[in-house]
Amino acid sequence: MNDLFDGLDPPPPAREDIAPGAVLLRGRALAHEAALIEAVAAIAAQAPFRHMIVPAGFTMSAAMTNCGDAGWVTDRGGYRYDAIDPESGRPWPAMPDVFRALAGAAAAEAGHPGFAPDACLVNRYAPGARLSLHRDTNERDFTQPIVSVSLGLPATFQFGGAKRSDPTRRIALRHGDIAVWGGPARLAFHGILALKDGEHPRLGRMRINLTFRKAR
Ligand code: MD6
Ligand code: FE
């Protein structure tokens, strides 16, 4: 027991390894929270959050929108990236500079210099919303990592292996955390457990996740 923290919670480490190739930068986005939240509101004003439909016909419980040159979409026809928002027929909002800069810096800190995302999927979770176990496979170049920024209510991230049936571990993703996901972790199965109810001082009863990808 460390005397300095006797009776107190020790500060969480700034950097945690989730698995080979997957790094968690705790609190890395906190210095930018106001700019990030403002930018999400501006994106949603142009391209509102919507509940997309997966090819099997189910409606996703997390609401989604995008910014950048490519947006991730799903409908009865499948999963893909599209430069056009199907709801508006217009291009997705441009990726804000604060997004691109933060994602690039976080990737470099995690060992992936030169990350230049062209797509940012914005997920919004209300209490009860979840994302079932999946892999991110719609991108062209799996040598490029994914950078994931968590804001608002905490969530439990499930992280597995290359096979859906591999055992999973659970990691808490909190407001301001950034996960960087590449190399041997790039095609691992992962998901988000049903969001627990709560009230976040900045975002209320909500979790926002930004996932940055090099889609094309
Ligand atoms: C989320 N994230 O955190 C969903 N995918 O709301 C993801 O599906 C994800 O966080 C690939 C890499 C990191 C992620
Ligand atoms: Fe994912």
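Use the structure listed above.
Described below are features of the structure shown in this document. (Residues numbered from 1 in each chain as written. Chains lettered and ligands numbered in written order. Predicted model: local features only at pLDDT ≥ 70, side-chain atom pairs only at ≥ 80, totals over all residues. Heavy atoms only, no water.)

## Thoughts on the sheet that holds strand S10 (residues 169–173)
- Here 4 strands make up an open sheet; going across it, the order is S7-S12-S9-S10 and the pairing antiparallel. Pairing within the sheet leaves two strands with one partner each, and these edge strands are strand S7 (131–134) and S10. Between one strand and the next, the sheet's axes are offset by a mean angle of 20 degrees, whatever the strand orientation.
- Pairing of strand S9 (residues 155–159) with strand S12 (residues 190–192), which is carried by 3 bridges, proceeds in the antiparallel orientation. Across the sheet, phenylalanine 157 pairs through a bridge with isoleucine 192, a residue of S12. (Pairing = 2+ DSSP bridges. Helix = DSSP H or I, 4+ residues; strand = E, 2+ residues; numbered from the N terminus. Axes fitted to C-alpha atoms, helices over the stretch in contact; angles between N-to-C directions.)

## Focus: the coordination of the iron ion (ligand 2)
- For the iron ion (ligand 2), the full set of protein donor atoms is His134 (NE2), Asp136 (OD) and His190 (NE2), and the range of their distances to it is 2.1 to 2.3 Å.
- In the primary sequence, the donor residues of the iron ion (ligand 2) line up as H-x1-D-x53-H. In this pair, aspartate 136 sits in the loop between S7 and strand S8 (146–152) while histidine 190 sits in strand S12, placing the two residues 54 residues apart along the sequence. There is no split in this pair, since aspartate 136 and histidine 190 are both buried. (Donors = N, O, S within 2.8 Å, 3.2 Å for Na, K, Ca; no water. Buried < 20%, exposed > 50% of the residue type's maximum accessible area, 1.4 Å probe, protein only.)

## Looking at the pairing of strand S3 (residues 63–68)
- Counting buried residues along S3, 6 of its 6 residues qualify, which places the element largely inside the surrounding structure.
- Of the two faces of S3, the one lined by Ala63, Thr65 and Cys67 and the one lined by Met64, Asn66 and Gly68 are each fully buried.
- In the sheet, S3 pairs with strand S6 (residues 119–125) via 6 bridges, with the strands oriented antiparallel. Paired with methionine 64 across the bridge in S6 is asparagine 123.

## Side note on helix H1 (residues 33–46)
- Here H1 contains 14 residues, and its C-alpha end-to-end distance of 20 Å stays within 8% of the 20 Å for a straight helix at 1.5 Å per residue.
- All buried positions along H1 are accounted for by Glu33, Leu36, Ile37, Ala39, Val40, Ile43 and Ala44. One side of H1 carries all its buried residues, which in axial view fall inside an arc of 160 degrees. Exposed and facing more than 90 degrees away from the buried side of H1 are Glu38 and Ala45.
- Tucked inside the fold, the buried residues of H1 contact S3, helix H2 (97–109), S6, S8 and strand S13 (207–213). (Expected span 1.5 Å × (residues − 1). Arc of directions from axis to C-beta. Contact = heavy atoms within 4.5 Å.)

## Quick word on the site of ligand 1
- If you check the shell around ligand 1, you find 14 residues, and the closest are Tyr125, Asp136, Ser148, His190 and Arg207.
- Tyrosine 125 has a polar side-chain atom sitting 2.5 Å from an oxygen atom of ligand 1.
- For ligand 1, a nitrogen atom lies 2.7 Å from a polar atom in the side chain of histidine 190.
- When ligand 1 sits alone it has 340 Å² of accessible area, and the protein chains cover 99% of it.
- Those elements that place two or more of their residues in the shell around ligand 1 are S6, S7, S8, S12 and S13.
- Broken down by element, the shell around ligand 1 gets its largest block of residues, 3 residues, from S13.
- Among the residues making up the shell around ligand 1, the classes are represented as 6 nonpolar, 6 polar and 2 charged. (Near = heavy atom within 4 Å. Polar contact = N/O pair within 3.5 Å; in protein donor to acceptor, adjacent residues only side chain to side chain. Areas by Shrake-Rupley, 256 points an atom, 1.4 Å probe, with all protein chains shown as cover. Nonpolar A, V, L, I, M, F, W, Y, C, P; charged D, E, K, R; others polar.)

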